[in-house]
Every structure is written in C-alpha cells, then in structure tokens.
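# Working through the structure, step by step
So you can see what is in the structure, the chains are spelled out below.
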Amino acid sequence: MPEEKRSVCEEKNFDTLFNTHYESARNYLYYKCGNLQQAEDIVQDAFVKLWKQCADIIYNTAKSLIFKICNNALLNEFAHKKVVLRYEKAPRDDRNHESPDFILETEEFREKLERCIGKLSPKEREVFLLSRIDKKTYKEIAEITNISVKGVERRMSNAFITLRKLLGSEINF
C-alpha cells in the first residue's frame, strides 16, 4: 500500500511508527532534558496523543508530528518548572503569623531608616540606594556615577558610618 494511503489508525502501521521512532524521539528528549525517565514519559504521552487523533493524521507526517508533540511537551514542562521555581523564590507574606507589636516595630524602623537615608549627603545616598535597593555592584555604580570603584567604596563606608550614628549602634549592616 502506498505510504500516503496508509492509516495511522491501523494497529500494524501504528506499531511500525512506534517501533521506528520511539527510541530516536526518546533520545532526542533525553539529550535536551538530561532525564531519561522524563523523556520516556513524554514520548509515551506523545504516542498516546497520536493514537487518539490517528484519524486526523497523515501517515507521512506522523514522524514530524511525534517530534513536534514531544518538543512542545518538554517546553511546557520547562515553563512549568520555571513558574514553580519563581514561586518558591517569591517572598511570602507571613504578616498573618506575626504579632501586631512586631509589625508596628518593623514599620516604625522602616520609617526611621528612610528618614536617616534622607539625611545622607546626596552622593552617599545615591551610592547607597544603587547598591542596596537596585542591587548594583560597585563596578556598575562606578560606571553610572562616573567615579572610581574606590570612590564608591568610600561613599558606601561613609553612608554606613552615618547610618550607624543616626540609627544607633545596635544595627549591623
């Protein structure tokens, strides 16, 4: 029977597709994800999808469709893992478990810290905020402010000294 007339729904044709392409599809995914079990699971799911939609599939396009289904499934799993990792890293709001006194003290300290940062010289405040709020490295801050890295270090040191004096010595940066 010519290949374009073959039906994927016939069991022997489906078995031929499976036996011919399973290993190469599994290896393809294994090389991409590094997890043999995950690769095997995805390929098996791809063949299940192929079987469920066999009436709509042309036999000649089945191979490319299998690889496409496998690749899309792997990309979906990667995207899902990314979301899970992002959620795990996200700060959780545990304020419901904190005492009202602690929340009040924290808020008062934050306001005091903001007032003290406002009392820094403009150059010290700029360097301090770039470092602590924007998470810039000293080298990046030096490039932004057009000063040397040593100059950034000196301004940060002066900012810490001033903040310690203003906030009290019990605070450690």
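Shown above is the structure to which this text applies.
Structural notes, computed from the coordinates. Just so we're clear, the structure is a prediction, and the values are computed from it rather than from any experiment.

Cut-offs and rules
Residues numbered from 1 in each chain as written. Predicted model: local features only at pLDDT ≥ 70, side-chain atom pairs only at ≥ 80, totals over all residues. Heavy atoms only, no water. Helix = DSSP H or I, 4+ residues; strand = E, 2+ residues; numbered from the N terminus. Rg over C-alpha atoms; globule rule 2.2 N^0.38 Å. Disulfide = S-S within 2.5 Å. Buried < 20%, exposed > 50% of the residue type's maximum accessible area, 1.4 Å probe, protein only. Polar contact = N/O pair within 3.5 Å; in protein donor to acceptor, adjacent residues only side chain to side chain. Contact = heavy atoms within 4.5 Å. Phe/Tyr/Trp six-rings, centres within 6.5 Å; stacked < 30°, edge-to-face > 60°. Axes fitted to C-alpha atoms, helices over the stretch in contact; angles between N-to-C directions. Left-handed = near helix turned anticlockwise from the far one by under 90°. Nonpolar A, V, L, I, M, F, W, Y, C, P; charged D, E, K, R; others polar. Salt bridge = Lys/Arg side-chain N within 4 Å of Asp/Glu carboxyl O. Expected span 1.5 Å × (residues − 1).

To continue, consider the overall build of the protein chain. A count of helical and extended segments in the protein chain gives 7 helices and 0 strands. Each helix and strand of the protein chain, placed in order from N terminus to C terminus, yields the pattern α-α-α-α-α-α-α. Relative to its length of 173 residues, the protein chain is extended, with a C-alpha radius of gyration of 30 Å against a globular reference of 16 Å. Each of the three principal axes of the protein chain carries a C-alpha extent, and together these read 90 × 45 × 25 Å.

Moving on: the state of the cysteines. A covalent bond bridging the sulfur atoms of two cysteines is what the word disulfide describes. Per the counting criterion, the structure on display carries 1 disulfide. One disulfide in the model links cysteine 9 with cysteine 54; its S-S distance is 2.0 Å. One disulfide, between cysteine 9 and cysteine 54, carries an S-S torsion of 100 degrees and so falls in the right-handed class. Of this pair, cysteine 9 sits in the segment before helix 1 (11–33) while cysteine 54 sits in the loop between helix 2 (36–52) and helix 3 (62–89), and the two are 45 residues apart along the sequence.

Time to look at the side chain of threonine 145. Checked against the element boundaries, threonine 145 lands in helix 6 (residues 138–145). On the basis of relative accessibility, which here comes to 15%, the residue threonine 145 falls in the buried class. Engagement of the side chain of threonine 145 in a polar contact is seen with the backbone oxygen of isoleucine 141, the distance being 2.8 Å. Among all residues touching threonine 145, those that are not within four sequence positions of it are Glu126, Leu130 and Val152.

Inspection of the entire model under this criterion finds 7 aromatic pairs. The interplanar angle of 50 degrees and the centroid separation of 6.1 Å between the aromatic rings of tyrosine 30 and tyrosine 31 together place this pair among those described as tilted. Here a set of aromatic residues connected by ring pairs shows up, and it is made of Phe14, Phe18, Tyr22, Phe47 and Trp51.

What follows is about the packing of helix 1 against helix 2. Where helix 1 contacts helix 2, the axes come no closer than 8 Å and their chain directions differ by 145 degrees. For the element pair helix 1 and helix 2, the recorded crossing hand is right-handed. Where helix 1 abuts helix 2, its residues Phe14, Leu17, Phe18, His21, Tyr22, Ala25, Arg26, Leu29, Tyr30 and Cys33 lie against Leu36, Gln38, Ala39, Glu40, Ile42, Val43, Gln44, Phe47, Leu50 and Trp51. The residue inventory of the contact of helix 1 with helix 2, partitioned by class, reads 15 nonpolar, 3 polar and 2 charged.

Here we take up the environment of lysine 139. Note that lysine 139 resides in helix 6. Lysine 139 sits in the exposed class, given a relative accessible area of 57%. Sequence separation between lysine 139 and valine 149 is 10 residues, and the spatial gap between their C-alpha atoms is 5.7 Å.

Counted under the stated rule, the structure contains 3 salt bridges. Between glutamate 107 and arginine 110 there is a salt bridge, with the nearest N and O atoms lying 2.2 Å from each other. Of this pair, glutamate 107 and arginine 110 both sit in helix 4 (residues 100–118), 3 residues apart, which is roughly one turn of that helix. Taking relative accessible area as the criterion, glutamate 107 reaches 26% and is therefore assigned partly exposed.

Our next topic: helix 1. The first and last C-alpha atoms of helix 1 sit 31 Å apart over 23 residues, in line with the 33 Å expected at 1.5 Å per residue. Buried residues of helix 1: Asn13, Phe14, Leu17, His21, Tyr22, Ala25, Arg26, Leu29 and Cys33, and no others. At the exit of helix 1 stands glycine 34, carrying a positive phi of roughly 75 degrees.

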